[in-house]
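Letter by letter, the chains look like this.
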Amino acid sequence: MDELVVTDRRETDDGFDAFVAARGDALWRSAWLLTGDHQLAEDLVQTALAKSWRAWSRVGADGFEPYLRRVMFTTYAAWWRRKWRGEQPTAALPESAGRTVDADAKHDLVAALATLPRGQRAVVVLRYFEDLTEQQTADVLGVSVGTVKSQASRALTALRSSPRLTSDEETSDE
Amino acid sequence: MSDEQWLREGLADAVPEPPRAPDRARSARDLATRARRRTAAAVVVGGAAVVAAVAVGATAFDSDPDAPPAAGPTEVIERLEPHDPPACPPAPRPSSELAPPDAPDPDAPGGVPAGATSARLCAGVGNPFDVPEALVTDIDALTAIVNGLPEADLDPDVPCPADLGIGYRIAFGYPDGSQFIVSGQRYGCRPIVVGSTTRSGSDHPWIAFIDALRSQRDSGVVAAPQDTVASDCLTSQPDSPAARPADRIIAAVVCEHVGRGPRGAVHELSDAEIAQLADLPRWFDPEPRALSCPPWTREVWAIAVTEWGDHIRLDRACGVWSVVGETLRADSLAAQVLDSAAGQ
């Protein structure tokens, strides 16, 4: 019996490891758009993975990514609600990670994105970066399709009228 | 290029290359294991309180080995996995004799046990209402507010207002699937039954819940309204107290009495009419005023659904649209849209 348990555990770990190897970077990119910070993005991915790991065998390989994505976005909301930044959940810090590299966040669109309310930012990342449908986005965030539509509409309007992007376009037009 | 395409391409260009992180999977497993150990330690430390929480639980749960461990009273970590918040129990019948949780239960603790991770506002002993989603943030603060209420003065000689109003329950949910339900009445002496005790000040948890839910909605991610279809006129859903005047309307129907027969939907608002309502910056008159004629003279009413899944009902009486139970009036632009839909 113990042998069976060990085998199941190993299969679970192998599947989980393969999933993280294949999709970890994609998750990190979404997390970076949400947080605008390399290290916070890594923390967010790590925390979501840690929360979801035990669900791998129950949810299955096919259902794991939607499950994990939902956990990650919910965690993102909870972090900012609690203004919790203190803990560093990663056991092994990724190479080259650090605040200094977040000059990337000075990109005008990213800077404008950072000014959006968290809900709108989450909708933008899911709809326009991960290319999820409105229904899929609603499922991840646990909101209605109507909310996704209205949040996306407001976000697009806000981004299009952002002074950062407006001045950028005016400059490029000249 | 459309705005959406512009945004897609812009985001794809903006994202930097991820740093190398070869041990993400192992690190995540280590983190989960450490979190579970810390939780177990917290449960041992606060064992008595956790046992109380489980003992009070009204809902049985499976002993799923994958189920998330119960957070200890100090809530050392967040929940390891999402869990379903409690469902609303059926509201008590108005004429039935009160029983727990609407009456004190001597075997229950006298306060809300620590460790709740969600709460749902449900109809209780009084006028009904419906709130579409559960609160999953600021649960500790809500728990503290309920537990901080003073014991009620149960002296039968103390007079209480003989008004009628909303009765509510708050079902606190715990990670193990159990619930603890408190029952308040927003009328009379404003009592709230909390386990074995009756306390006074039932307005405070109600207000705190709605404030916290609105904040949760503002956070934009956690709320989970699913019902975005205006109910028909025969089965009108009770109003949601969480609706706000600035909320966006996404569906509505206008209803009227048809002779002595059943009520029927007269007109489901078109997308263009909904857009007119939705685009109004505030669709309630910001200056509440008393109506000049009694609301029971209404013959036409509307049921609207907000972007949050809240149902709100407006009555048209004496040419004025007003929210049932409130003195808010639809502003003139919103009233024009509704009047047009009602053929007035």
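Since we're looking at a predicted model, the values are computed, not measured. (Residues numbered from 1 in each chain as written. Chains lettered and ligands numbered in written order. Predicted model: local features only at pLDDT ≥ 70, side-chain atom pairs only at ≥ 80, totals over all residues. Heavy atoms only, no water.)

Chemist: Hey, could you go over the confidence of the model for chain B for me, with residue numbers and the actual values?
Modeler: Atomic detail in the predicted coordinates should be set aside for any region of low pLDDT. Residues and elements named next belong to chain B. Taken as a whole, chain B shows an average pLDDT of 72; of its residues, 68% reach a score of 70 or greater. Confidence, read as mean pLDDT per element, is least for helix α3 (residues 47-56) in chain B (32) and greatest for strand β4 (residues 191-194) (94). Low confidence marks residues 223-227, where pLDDT is under 50. Its contacts with residues over four positions away, or in another chain, come to 24 contacts. Scored by ipTM, the complex comes to 0.78, with pTM at 0.51. (pLDDT = per-residue confidence, 0-100. Helix = DSSP H or I, 4+ residues; strand = E, 2+ residues; numbered from the N terminus. Contact = heavy atoms within 4.5 Å.)

Chemist: Got a sec to walk through helix α6 (residues 134-141) of chain A? Specific residues and values, please.
Modeler: All names here are of chain A. All of the buried residues along α6 are Thr137, Ala138, Val140 and Leu141. Summarising the axial view, the buried residues of α6 lie within an arc of 160°, below the 170-degree limit, and thus occupy one face. With its phi angle positive at about 70°, glycine 142 sits one or two positions after the end of α6. (Buried < 20%, exposed > 50% of the residue type's maximum accessible area, 1.4 Å probe, protein only. Arc of directions from axis to C-beta.)

Chemist: Summarise the state of the cysteines; cite the residues concerned and give the values.
Modeler: Residue and element names in this part refer to chain B. Applying the stated rule across the entire model yields 1 disulfide over all chains. Across the disulfide, cysteine 88 is cross-linked to cysteine 122 (sulfur-sulfur distance 2.1 Å). Taking the sign of the S-S torsion, about -90° here, the bridge from cysteine 88 to cysteine 122 comes out left-handed. Of this pair, cysteine 88 sits in the loop between α3 and β1 (118-123) while cysteine 122 sits in strand β1, and the two are 34 residues apart along the sequence. A relative accessible area of 37% places cysteine 88 in the partly exposed class. Cysteine 122 gets classed as buried once you look at its relative accessible area, which sits at 1%. (Disulfide = S-S within 2.5 Å.)

Chemist: Describe the confidence of the model for chain A, naming the residues involved and giving the relevant values.
Modeler: Residue and element names in this part refer to chain A. Looking at chain A, pLDDT values average 74 and 70% of them are 70 or higher. At the level of individual helices and strands, chain A shows its lowest average pLDDT in helix α8 (residues 163-173), which scores 54, and its highest in helix α5 (residues 118-129), which scores 90. Here residues 167-174 is a poorly scored stretch, pLDDT under 50, and it has 3 contacts once near neighbours within four places are set aside; other chains count.

Chemist: Please set out the sheet that holds β4(B) residue by residue, giving values where relevant.
Modeler: Residue and element names in this part refer to chain B. With antiparallel pairing, the 5 strands of this open sheet are ordered in space as β1-β2-β3-β4-β5. Two strands close off the open sheet at either side, each with one partner strand: β1 and β5 (197-200). Geometrically, the sheet is characterised by an average inter-axis angle of 20° between neighbouring strands, direction not taken into account. For strand β3 (residues 179-185) and β4, the ladder comprises 3 bridges, and the chain directions are antiparallel. (Pairing = 2+ DSSP bridges. Axes fitted to C-alpha atoms, helices over the stretch in contact; angles between N-to-C directions.)

Chemist: How would you explain the side chain of Ser240(B) if you had to name every residue and give the values?
Modeler: Residues and elements named next belong to chain B. Relative to the assigned elements, serine 240 resides in the loop between α5 (203-219) and β6 (249-256). For serine 240, the side chain forms a polar contact with the side chain of aspartate 310, separated by 2.5 Å. When residues no more than four places from it in sequence are discounted, the contact partners of serine 240 are Asp130, Val131, Pro132, Asp310, His311 and Ile312. (Polar contact = N/O pair within 3.5 Å; in protein donor to acceptor, adjacent residues only side chain to side chain.)

Chemist: Account for helix α7 (residues 145-160) of chain A, with residues named and values stated.
Modeler: Spacing of three or four residues puts side chains on the same side of an α-helix, whose turn is 3.6 residues. For α7(A), built from 16 residues, the straight-helix expectation of 22 Å at 1.5 Å per residue is met to within 8% by its first-to-last C-alpha distance of 22 Å. Listed in full, the buried residues belonging to α7(A) are Gly146(A), Thr147(A), Val148(A), Ser150(A), Gln151(A), Ala152(A), Ala155(A), Leu156(A) and Leu159(A). (Expected span 1.5 Å × (residues − 1).)

Chemist: Describe in detail the packing of aromatic side chains, supporting the description with residues and values.
Modeler: Counted by the stated rule, this structure contains 7 aromatic pairs over all chains. Residues Phe16(A) and Phe64(A) carry aromatic rings whose centres are separated by 6.0 Å and whose planes lie at 80° to one another, so their mutual orientation is edge-to-face. On the criterion of sequence distance, the pair formed by Phe16(A) in helix α1 (residues 2-35) and Phe64(A) in helix α3 (residues 56-82) is long-range, its members being 48 residues apart. You can call Phe64(A) buried: its relative accessible area is 0%. Measuring from centroid to centroid gives 6.0 Å for Phe19(A) and Trp56(A), while their planes differ by 55°, and the two rings are tilted. Residue Phe19(A) is located in helix α1, and its partner Trp56(A) is located in helix α3; the two are separated by 37 residues in the primary sequence. Each residue in the set Phe16(A), Phe19(A), Trp56(A) and Phe64(A) is aromatic and connected to the rest through ring pairs, giving one cluster. The ring of Trp6(B) is capped by Arg160(A), whose NZ or CZ atom sits 4.0 Å from the centre of that ring. (Phe/Tyr/Trp six-rings, centres within 6.5 Å; stacked < 30°, edge-to-face > 60°. Lys NZ or Arg CZ within 6 Å of the ring centre and 35° of its normal.)

Chemist: Describe the pattern of salt bridges, naming the residues involved and giving the relevant values.
Modeler: Under the criterion given, the structure shown has 15 salt bridges over all chains. A single salt-bridge network, built from bridges that share partners, covers Arg23(A), Glu65(A), Arg69(A) and Glu130(A). (Salt bridge = Lys/Arg side-chain N within 4 Å of Asp/Glu carboxyl O.)

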